[in-house]
Amino acid sequence: MIPVNEPLLTGNEKKYLAECIDTGWISSEGPFVRQFEQGIAARVSRRHGIAVSNGSVALEAAVAALGIGEGDEVIIPTFTIISCAAAVVRAGAMPVLIDSDPITWNIDAEKLKIKLKDEIDRKGNKKIKAIMVVHIYGLPVDMEPILELAEKYRLLIIEDAAEMLGQTYKGQPCGSYGDISTMSFYPNKHVTTGEGGMILTDSDALAEKCRSLRNLCFLAKKRFVHEELGWNFRMTNLQAAVGIAQMEQLDVFVIKKRKMGQKYTELLSDIKSIDLPVQKTDYAENIYWVYGIVLKDEIPFDAEEAMKRLGEKGIGTRPFFWPMHEQPVFKKMGFFKGESHPVAERISRRGFYIPSGLALTDNQINEVSRALHEVLA
Ligand SMILES: *Cc1c(COP(=O)(O)O)cnc(C)c1O
């Protein structure tokens with residue numbers, strides 16, 4: 001079986017972990033946490049990094065730190081991971097969904113523009129406070145039109161860069177855009193800590209707020225007196241140790257990912273019945289966080305069937321995200337009634353991704369390509 005993801009842990013991970021154990025520093029108080037925060041922040045040109053336990057809670061803390069709550073609305077793409085919508089909903093706010101671009105799979109800036117015009121200019125909606133920008137699968141969102149809209153309507157920007165560490169938009173690092181950015185270090189991300197995440201910002205006040213929220217809002221002077229409710233979202237020194245070793249290899253990882261993507265594209269471009277990821281635009285070169293495929297209409301079955309057939313040939317796959325407006329949990333809450341976002345609906349049914357991890361070998365890529373040719377012949 002070729003797994004859909006296998007991380008590479010062949011650097012100093014063991015050495016730094018041994019250091020934690022030898023020194024006894026295993027909790028979030030250990031020195032690697034700060035070092036990892038500074039390393040990531042420097043890499044994405046941010047002043048502050050706040051390490052947390054995963055990318056989902058990074059979003060939750062980011063939303064809370066921006067003061068988004070009851071009665072507010074936040075723009076998110078409907079085609080994303082549940083974490084984005086969950087962070088908004090748990091804050092007591094409401095997600096406002098935008099469809100995807102059919103080629104890049106990222107939020108459709110034109111549809112966003114129309115939505116904001118309709119809601120804010122025409123209906124006078126004053127509830128929309130922020131846009132959560134989510135870079136999907138390896139090609140960043142075209143940020144300029146989004147930043148212009150955010151400025152025009154005075155909206156905050158939360159950048160979910162979980163899939164984009166090491167990527168740039170017009171030469172500027174992903175993770176450096178907007179008021180606050182978040183990362184994940186789950187094992188399928190470019191840098192892993194097993195579980196882990198980070199909040200990134202240039203604002204001293206937001207950074208302080210996030211540090212407090214992450215640590216139960218303990219007061220510096222009166223430790224067990226709390227003026228606000230926080231969470232325990234702390235990252236351990238053990239996790240940060242792995243993260244620092246991983247960061248030493250990020251540049252190598254990025255090259256490896258791009259090579260993997262280019263090889264897949266070379267091998268698969270003769271299959272005319274599938275759409276492949278966009279290789280390059282004028283703002284970025286794909287980093288292939290995962291290598292996604294969308295079945296064109298001429299294929300008589302959907303992604304689920306293709307994945308089943310590939311599984312029978314020993315190829316691991318994962319489906320694309322399932323749109324937020326079609327999530328049973330939100331239907332039960334009465335959200336998004338009657339909404340339709342046709343691009344997201346289509347790619348969620350016709351799309352899936354193939355093995356894309358950092359440990360993937362050239363031979364495995366060849367094998368995946370062979371299996372895909374057979375299944376889609
Ligand atoms: C992975 C991911 C997350 C969640 O990160 P976890 O660490 O798994 O909680 C959030 N947003 C995006 C876009 C992701 O890819």
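Conventions we followed
Residues numbered from 1 in each chain as written. Predicted model: local features only at pLDDT ≥ 70, side-chain atom pairs only at ≥ 80, totals over all residues. Heavy atoms only, no water. UniProt positions renumbered as here; feature names shortened; annotations may be inferred. Helix = DSSP H or I, 4+ residues; strand = E, 2+ residues; numbered from the N terminus. Buried < 20%, exposed > 50% of the residue type's maximum accessible area, 1.4 Å probe, protein only. Contact = heavy atoms within 4.5 Å. Areas by Shrake-Rupley, 256 points an atom, 1.4 Å probe, with all protein chains shown as cover. Lys, Arg positive; Asp, Glu negative; His and termini not counted. Charge placed at Lys NZ, Arg CZ, Asp CG, Glu CD. Expected span 1.5 Å × (residues − 1). Core = buried A, V, L, I, M, F, W, Y, C linked by side-chain atoms within 4.5 Å. Domains from an automatic or database assignment. Pairing = 2+ DSSP bridges. Right-handed = clockwise from strand over helix to strand, strands pointing away. Salt bridge = Lys/Arg side-chain N within 4 Å of Asp/Glu carboxyl O. Axes fitted to C-alpha atoms, helices over the stretch in contact; angles between N-to-C directions.

The protein has the name Putative GDP-perosamine synthase in an unreviewed UniProt entry, where Kuenenia stuttgartiensis is given as its organism. The record held by UniProt for the protein lists under Sequence similarities (unreviewed entry) the comment "Belongs to the DegT/DnrJ/EryC1 family."

A. Region of the structure containing the overall build of the protein. When you go through the protein residue by residue, the secondary structure sums to 13 helices and 13 strands. Along the first, second and third principal axes, the C-alpha atoms of the protein reach 70 × 60 × 40 Å. For the protein, the proportion of its 377 residues judged to be buried stands at 56%. Residue pairs in contact within the protein that sit at least 24 positions apart in sequence constitute 72% of those at least 6 positions apart. Carbon and sulfur atoms form 52% of the exposed surface of the protein, whose accessible area is close to 16,700 Å². Of the side chains in the protein, 46 bear a positive and 50 a negative charge, and the two mean positions are spaced by 2 Å.

B. View of helix α12 (residues 342-350). Here α12 has its buried residues at V343, A344, I347, S348 and R350. Of the surrounding elements, those touching the buried residues of α12 are α5 (109-122), β11 (291-295), α10 (303-312) and β13 (351-354).

C. Layout of the UniProt feature "active site" (unreviewed entry) in the protein. Those places that UniProt annotates as "active site" (unreviewed entry) correspond, in this numbering, to K189. Mapped onto the elements of the fold, K189 is located in the loop between β8 (180-184) and β9 (197-201). Setting aside its immediate chain neighbours within four residues, K189 contacts A162, S184 and W289.

D. Local environment of helix α9 (residues 250-268). The terminal C-alpha atoms of α9, which comprises 19 residues, lie 27 Å apart, in line with the 27 Å expected from a rise of 1.5 Å per residue. Where the residues of α9 are buried, they touch α2 (31-43), α8 (237-247), β10 (274-275), β11, β13 and α13 (362-376).

E. Main features of unusual backbone geometry. For R154, which is not glycine, the phi dihedral falls at a positive 55°. Residue classification places R154 among the exposed positions, given a relative accessible area of 77%. Of note in the backbone geometry, F336 takes a positive phi value of approximately 60° without being a glycine. With respect to the helices and strands, F336 occurs in the loop between α11 (328-332) and α12.

F. Quick look at the nonpolar core. Judged by nonpolar contacts, the single largest core of 49 residues is most densely connected at F79, M132, Y137 and I158. Contributing elements (two or more residues each) for this core: β1 (48-52), α3 (55-65), β2 (73-77), α4 (82-90), β4 (128-134), α7 (204-214) and α12. Residue contributions to this core peak at seven residues, all from α3. Shared between two domains, this core takes at least three residues from each, and those domains are domain 1 (13-247) and domain 2 (250-375).

G. Examining the pairing of β2 more closely. With respect to burial, β2 is a largely interior element, five of its five residues being buried. Inspection of the sheet shows β2 paired to strand β3 (residues 94-98) by five bridges, in the parallel sense. From the neighbouring strand, V74 faces β3, where its bridge partner is P95. Handedness of the crossover joining β2 and β3 through α4: right-handed. Here β2 pairs with β4 via three bridges, running parallel. Bridging from a neighbouring strand, I75 pairs with I131 of β4.

H. Representation of the pattern of salt bridges in the model. Under the defined criterion, the tally for this structure stands at 21 salt bridges. Between K313 and E374 there is a salt bridge, with the nearest N and O atoms lying 2.8 Å from each other. Residue K313 is found in the loop between α10 and β12 (318-319), and its partner E374 is found in helix α13; the two are separated by 61 residues along the sequence. For K313, a relative accessible area of 38% translates into the label partly exposed. With a closest N to O distance of 2.8 Å, R349 and E326 form a salt bridge. Residue R349 is located in helix α12, and its partner E326 is located in the loop between β12 and α11; the two are separated by 23 residues in the primary sequence. Take E326: its relative accessible area is 16%, and that puts it in the buried class.

I. Main features of the sheet that holds β3. In spatial order, the strands read β1-β9-β8-β5-β4-β2-β3; together these seven strands make up an open sheet with mixed pairing. At either end of the open sheet lies a strand with only one pairing partner, and these are β1 and β3. Put simply, the sheet's adjacent strands are angled 25° from each other on average, direction ignored.

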